[in-house]
Amino acid sequence: MITKRMLAGVSALCLLGSMGVAQAAGEFDGVTVNVITQTGAIQEPLQRRAPDFEKLTGAKINVIAVPFSDLYQKVLTDWASGTNSVDVAVFAPQWMVDYIAGGYLEDLTARVENDPAIEQEDVGAFFRDFSEKYDGKVYMKTFDGDFHMMYYRKDLLEEAGLEVPKTWDDYLAVAKALHGKDMNGDGTPDFGSCIGKKRNAQSYWFVTDVVGSMTQSKGTSQGTFFNTADMTPMVDNEAFRKGLEFLKESTQYGPPDELNLDVADTRPLFASGRCALNLDWGDVGTISIDPVNSKVIGKWGAAIMPGSTQVLDWETGKLVDCDADTCPYAIDGVNHAPFAAFGGWGGGINAASDDKVKDAAFAFLSYMTQPAQSNQDVTVGATGFNPYRTSQLSYSELWKNAGMSEEEADNYLGAINASMSSPNMILDLRIPQNQRYQQVVLDEAISRFLAGEIDADATVAVVSEGWEELTDEIGRDDQLAIYKATIGAN
Amino acid sequence: MTVAAASVVDSTPRPGLAERFDRHAGRFMVLPAVIVLLCFAIFPLIISAYLSLSRFALAPGGFTLKFVGLLNFRKLLTGSQQYHLLGKFMPFSPFAWALVTVTALVILYVLGRYLFSGRATVFGTIGRLITAALLMAIALLFAATTFSGGVPGTMVTTLIYVIAGVSAQFLLGLGIALLCAQAIRGRNFFRVLFFVPLMVTPVGIAYTFRMLADMQKGPFAPIVQAFHVGEWSWATEAWSARLMVMVGDTWQWTPFMFIVLLAAIENQPRDQVEAARIDGANGLQIFRDITWPAIAPVAATIVLIRLIEAFKIIDLPNVLTGGGPGLATESMTLHSFIAWRTQDLGGSAAVGYMLLFVSTIVCVSFFNFVVRPARRLES
């Protein structure tokens, strides 16, 4: 009994010792911090760790969860209307630009610099210098590393003598070859490809994966959404049309209700062994090693997103073959453009909250991102958090304890590293009202195209005209300047 | 005369405070309700009217509203959002021409009969012209989209939910009510059982239906696969997706029709029913000549209540399909909600006002041309 108490005391001391200077026991007694985020993954770790944080500091963390599609506006409405019932929002870095425009987000630069417990230098450069910052200031503390990747069934590919797809054409060929086979031994035919394509969900990012590998070939600062000369949408061209064709054809090799599946639906499908190929964020890797729910342990692999051997000539709008001049970053003749879709969940603080609440809120953000907590959370599929610290991106005890073999870890973390270090990485859209460009105009047009309501030419016209209309409405010069600044274009 | 009158007025004692309070008691009693109504219904209506004529933008420390006139409405009716609200038009098919022609002839006949009846009034004529214009517009909209190979917009989808959904709910509710009004064993159990769906929140129903209708993991998946239709999904076809939304809506709202119609049926004149039975009338005759005239006013009223409610459908399409595939299941309320949650508050308010115009004209017309005659039928 005494030994147990001593152990408990020592572990508590260790935990306290690992925390920042701002987090002392009882420092925030009586302070309540309202945290809002999406329902399900992301909510889970915040909710689970809130009682521990309360025991350590006295601050009560009240987690409010809303569906992903409502989160942006819920936060905006609360802050813009002056209600200010939300102290911390855990949201997408993309939305930061709109929250900053209203002056609603607290500048966290000084707080982050003065909190050694965060170990900021260990945070991946992309998240530290891009996702967390706007105009050189820190407004968000990252909890999650987000990159789109491709997942595949290693065993099925080996059995069929197929190579891991390197291009989108390869992807379709493999999906077609394996579609309809029983992949998990339950006697029912399974699917060649699983991609979330539901409207009003998180599917619109996958369009950019395919189109971007053809439009962006000369480095991140080239951009993929707009022409940096005049903010013309990069839509009315052969690359976008080929991207649409890919989405339509891949649907033939997917689950019958793929148009109504979000990533939350395709993840369990892959883990239950029903998909040969899958496109998603890093979550699928950690879900696939879950001993309780996964039927693909030891059978799966991950790779950088497929690319293209042809890229877009921006002058003519036609696709041309890759060579040293057109595809300077190509690997084996294939232009890859890994998409930092979303940019990773992170927490920001309401500038209008009371000072004491802000202190407690930052202490909570710091607590969540410190290695002691983060190293556990990024290895668990249910959290929705993926690795984002440099120390989390190589095989270690961390991954071994999570149940990932060294081979799986090399494969999975290798894919993330390859994406993060690519000089041709696509940065997500961060101009004002990017929600309307992507979640309304693009999402709606793609959904209509996949449903057969409109053809490829009409889809191109709808997206192009919709984006032009928005740009004119918000201000072309301002949007262009911000777009160029966010991708580092001259 | 003037002096005398003045002296009479002067001699009248001034009313005391209590008397004045008594005299205006009615107004005082109504005041709280008026204030609540002003705060929660009228002011938001006025503010949203201004929003529909404005463009919302974030600005340091808050937001700005720039007046843009009718731009948001123009976008919806003739501009870049026309396909979304009204749909994608196609040249009329023969069936569409027939529909439009028949509708026009019926409208002209009804209007002509009214105008030459000798009972026509100015307000009556204006009301009928407004109703006729809306009916003609709806017929043209259906003709140019649904019946000509075009793509229906959110207005047509909403009208389908309203017309088909409310009709199905009424017929099912009436049928179950007639069954439960019979002297059968365990009818109280069935009454409670049929009423349960109404107690469940619409979002709960939507999630339940989503699980039930899941073709991969749902409880009916083995049956679907056993019949070798596992390669088909209701969620990817426009009409099957709309049908699924209507099935969920019908499941929820049929009990409302059922419970009110059951009460009306049980209040029909028993002596007339018994007398008809003794005279040898069959069930259909009793229903046509006794039951229906007795329940018609109630039936018309509950259909009106459901019409008002049905125009606001949002939970089921939002949860079941997110409005997809394409725009197939998106209602006008969901259309407005999606615009709202991406900062397009002006566009959202404009869609809301379009819904208000359509639902008000439909419901007022229904009241004037169905509910009132039904009440006269009873009297």
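Residues numbered from 1 in each chain as written. Chains lettered and ligands numbered in written order. Predicted model: local features only at pLDDT ≥ 70, side-chain atom pairs only at ≥ 80, totals over all residues.

Focus: the environment of A:Ser213
Residue and element names in this part refer to chain A. Put simply, the rule is: Secondary structure elements follow DSSP: runs of H or I no shorter than four residues count as helices, runs of E no shorter than two count as strands, and numbering proceeds from the N terminus. Whether two residues are in contact depends on their C-beta atoms, placed from the backbone: they are in contact if these lie within 7 Å.
Mapping Ser-213 onto the fold places it in helix 9 (residues 205–215). Separated by 30 residues in the primary sequence, Ser-213 and Gly-243 have C-alpha atoms spaced 9.4 Å apart. Apart from the residues within four sequence positions on either side, Ser-213 is in contact with Met-305, Gly-307, Ser-308, Asn-335, His-336 and Ala-337.

Description of the domain arrangement of chain A
Residues and elements named next belong to chain A. Short version of the rule: An automatic or database domain assignment is the source of the domain bounds shown. Gly falls in the polar group here, along with every residue not listed as nonpolar (Ala, Val, Leu, Ile, Met, Phe, Trp, Tyr, Cys, Pro) or charged (Asp, Glu, Lys, Arg).
Looking at the assigned domains, one finds that chain A contains domain 1 (22–145 + 343–393) and domain 2 (149–337 + 415–427). Contact residues are listed per partner, giving 14 residues for domain 1 and 14 residues for domain 2. Elements with a contribution of two residues or more to the side of domain 1 that touches domain 2: helix 3 (68–80) and helix 6 (125–131). Tallied by class, residues from the side of domain 1 that touches domain 2 come to six nonpolar, eight polar and no charged.

Section: the sheet that holds strand 8 (residues 191–194) of chain A
Residue and element names in this part refer to chain A. Put simply, the rule reads: Strands are treated as partners if at least two bridges between them are detected by DSSP. Here, axes are lines fitted to C-alpha atoms. For helices the fit covers the stretch in contact, and angles between N-to-C directions go from 0 to 180 degrees.
Strand order in the open sheet made by the four strands is 8-9-7-10, with mixed pairing throughout. Two strands lie at the open edges of the sheet, namely strand 8 and strand 10 (300–303), each paired on one side alone. Neighbour-to-neighbour, the strand axes of this sheet turn through a mean angle of 15°, independent of strand direction. Taken strand by strand, helix 8 (residues 168–178) contacts strand 8 and strand 9 (275–280), and its axis lies near 145° from that of strand 9. Across the sheet, helix 16 (residues 406–420) touches strand 7 (149–153) and strand 10, and the angle it forms with strand 10 is around 10°.

Describing the interface of chain A and chain B
On the chain B side, the residues contacting the 33 residues of chain A number 32 residues. Ranked by residue count, the leading element in the side of chain A that touches chain B is helix 17 (residues 434–450) of chain A, at seven residues.

Thoughts on the domain arrangement of chain B
Residues and elements named next belong to chain B. We note that the domain assignment places domain 1 (14–67), domain 2 (90–145) and domain 3 (150–378) within chain B. Computed from C-alpha atoms alone, the centre-to-centre distance between domain 2 and domain 3 is 26 Å. Taken together, the 10 residues of domain 2 in the interface contact nine residues of domain 3.

Describing the sheet that holds strand 2 (residues 60–66) of chain A
All names here are of chain A. Strands sit in the order 2-1-3-14-6 across an open sheet of five strands; the sheet is mixed. In the strand order of this sheet, the two ends are held by strand 2 and strand 6 (141–142), each with one partner. Judged from the two bridges that link them, strand 1 (residues 32–38) and strand 3 (residues 88–91) form a sheet pairing that is parallel. Paired with Ile-36 across the strands is Ala-89, a residue of strand 3.

Points about the environment of A:Val88
All names here are of chain A. With respect to the helices, strands and loops of the structure, Val-88 is situated in strand 3. Residues Val-88 and Met-140 lie 52 residues apart in sequence; the distance between their C-alpha atoms is 10 Å. Each residue touching Val-88, except ones within four places of it in the same chain, is listed here: Val-33, Val-35, Gly-347, Ile-349, Ala-361, Phe-364 and Leu-365.

Focus on the pairing of strand 1 (residues 54–59) of chain B
Residue and element names in this part refer to chain B. Bridge count for strand 1 against strand 2 (residues 62–67) is six bridges, and the pairing is antiparallel. Note on strand 2: the bridge partner recorded for Phe-56 is Leu-65. Here strand 1 hands over to strand 2 after two residues, with Gly-61 in that stretch at a positive phi of 85°.

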